[in-house]
Amino acid sequence: MVEQALTTARDEILARIRAVDRSAPEPIERRYRRSGSLARAALVELFAARVADYRADVRLVPSGAVAGAVESVCRGRVSVPPGLPDAWRPSTVDVVEDRGLSAHKLDALDGVITGCTAAIAETGTIILSGGESEGRRALSLVPDLHICVVRSDQIVELVPEALAVLDPGRPLTFISGPSATSDIELSRIEGVHGPRTLVVLIVNEEEQ
């Protein structure tokens, strides 16, 4: 009798579920903005301010002064992806090209220099996609110092604009400030998932 009652109850529940209208819902109208309206100078200013909010070191440099800016930040040995432009490579720092360095060797470095694919002004986010000037993900995640060169023409205002230029088949890394996390008491700890220090060099290609 108990088994029969359970079966009856189950059948009743399933009958109610089947009675629910399961037609496709109406499409939701997306009202978010897909393109920004800020001028280039305003984009750079907003991006710099948002990145600084994340406790990153942000510097605006002319295109011909990138190597000098790197030298002012880092000493010792730094690694770079093989495709990093020669003009960005410091002459007074020991530069090691990453051609499959082990995690142990990457961790022993004093820093890493990379470019980026895009940057988002509204969120202060830098996006790497494993390009020639960016290298593999481990290169930007293991060393404790990441110096990232962002050209001003790579900065867009909104997230949809950045997504439109990305290849979803690439290994994407989104960086919003130095690596940090907080425990239940909101104590901030930096350097847990990646570099403890992020230096962003914003380069205006029109300035020399």
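To keep things clear, this report deals only with the structure shown in the data block. (Residues numbered from 1 in each chain as written. Predicted model: local features only at pLDDT ≥ 70, side-chain atom pairs only at ≥ 80, totals over all residues. Heavy atoms only, no water.)

It is worth spelling out the environment of E45 at this point. Locating E45 in the fold gives a position in helix α2 (residues 40–53). Among the residues examined, E45 registers a relative accessible area of 60% and is labelled exposed. Taking the C-alpha atoms as reference points, E45 and L60, 15 residues apart in sequence, are found 9.7 Å from one another. (Helix = DSSP H or I, 4+ residues; strand = E, 2+ residues; numbered from the N terminus. Buried < 20%, exposed > 50% of the residue type's maximum accessible area, 1.4 Å probe, protein only.)

What follows concerns the pairing of strand β6 (residues 125–128). Along β6, one buried face is formed by T125 and I127 and the opposite face, lined by I126 and L128, is buried too. Both β6 and strand β9 (residues 173–175) contribute to a ladder of 3 bridges, which runs antiparallel. Opposite L128, over in β9, you have T173 as the bridge partner. (Pairing = 2+ DSSP bridges.)

With that settled, consider the environment of G115. Mapped onto the elements of the fold, G115 is located in the loop between β4 (111–114) and β5 (118–120). As for G115 and E132, which are separated by 17 residues in sequence, their C-alpha atoms are 8.6 Å apart. Apart from the residues lying within four places of it in its own chain, the contact partners of G115 are L84, W88, L128, S133, E134, C148 and V149. (Contact = heavy atoms within 4.5 Å.)

Further remarks concern the state of the cysteines. Counted according to the given criterion, the structure contains 0 disulfides. Not engaged in a disulfide, the cysteine C116 finds its nearest cysteine sulfur in C148; these two sulfurs lie 4.8 Å apart. Among the residues examined, C116 registers a relative accessible area of 4% and is labelled buried. C148 gets classed as buried once you look at its relative accessible area, which sits at 0%. (Disulfide = S-S within 2.5 Å.)

Further remarks concern the sheet that holds β5. Read from one edge of the open sheet, 4 strands run β8-β5-β6-β9, paired in mixed fashion. Looking at the sheet topology across the chains shown, the edges are occupied by β8 (155–156) and β9.

The subject of this paragraph is helix α3 (residues 66–73). Along an α-helix, residues three or four positions apart point the same way, because every turn accommodates 3.6 residues. Every buried residue belonging to α3 is among V66, A67, A69, V70 and E71, and all of these are buried. Buried residues belonging to α3 abut β1 (57–62), β4, β7 (145–151) and β12 (197–204).

One pass over the structure, following the stated rule, counts 11 salt bridges. Notably, a salt bridge pairs R33 with E157, separated by 3.5 Å at the nearest N-O pair. Here R33, found in the loop between α1 (2–18) and α2, pairs with E157, found in the loop between β8 and α6 (159–165); they are 124 residues apart in sequence, far enough to count as distant. E157 sits in the buried class, given a relative accessible area of 8%. (Salt bridge = Lys/Arg side-chain N within 4 Å of Asp/Glu carboxyl O.)

The backbone of R55 sits at a positive phi, close to 70°, despite the residue not being glycine. If you trace the backbone, R55 turns up in the loop between α2 and β1. Judged by its relative accessible area of 57%, R55 falls in the exposed class.

So, about the sheet that holds β1. The strand order β1-β12-β7-β4-β2-β3 describes an open sheet built from 6 strands, whose pairing is parallel. In this open sheet, the two edge strands, each paired with only one partner strand, are β1 and β3 (94–97). Sheet twist, expressed as the mean angle between neighbouring strand axes with direction ignored, is 25°. Sheet topology places β7 next to β12; 7 bridges connect them, and they run parallel. Looking at β12, one finds that L145 is bridged to T197. Packing of α3 onto the sheet brings it into contact with β1, β4, β7 and β12, and relative to β1 it is tilted by some 150°. (Axes fitted to C-alpha atoms, helices over the stretch in contact; angles between N-to-C directions.)

Given a rise of 1.5 Å per residue, 14 residues ought to cover 20 Å, and the 20 Å separating the end C-alpha atoms of α2 matches this to within 8%. For α2, every residue scored as buried is listed here: L43, V44, F47, A48 and V51. For α2, the angular spread of the buried residues around the axis is 125°, confining them to a single face. Among the exposed residues of α2, those oriented more than 90 degrees off its buried face are A41, E45 and D53. Among the residues trailing α2, R55 stands out with phi positive, at a value near 70°. (Expected span 1.5 Å × (residues − 1). Arc of directions from axis to C-beta.)

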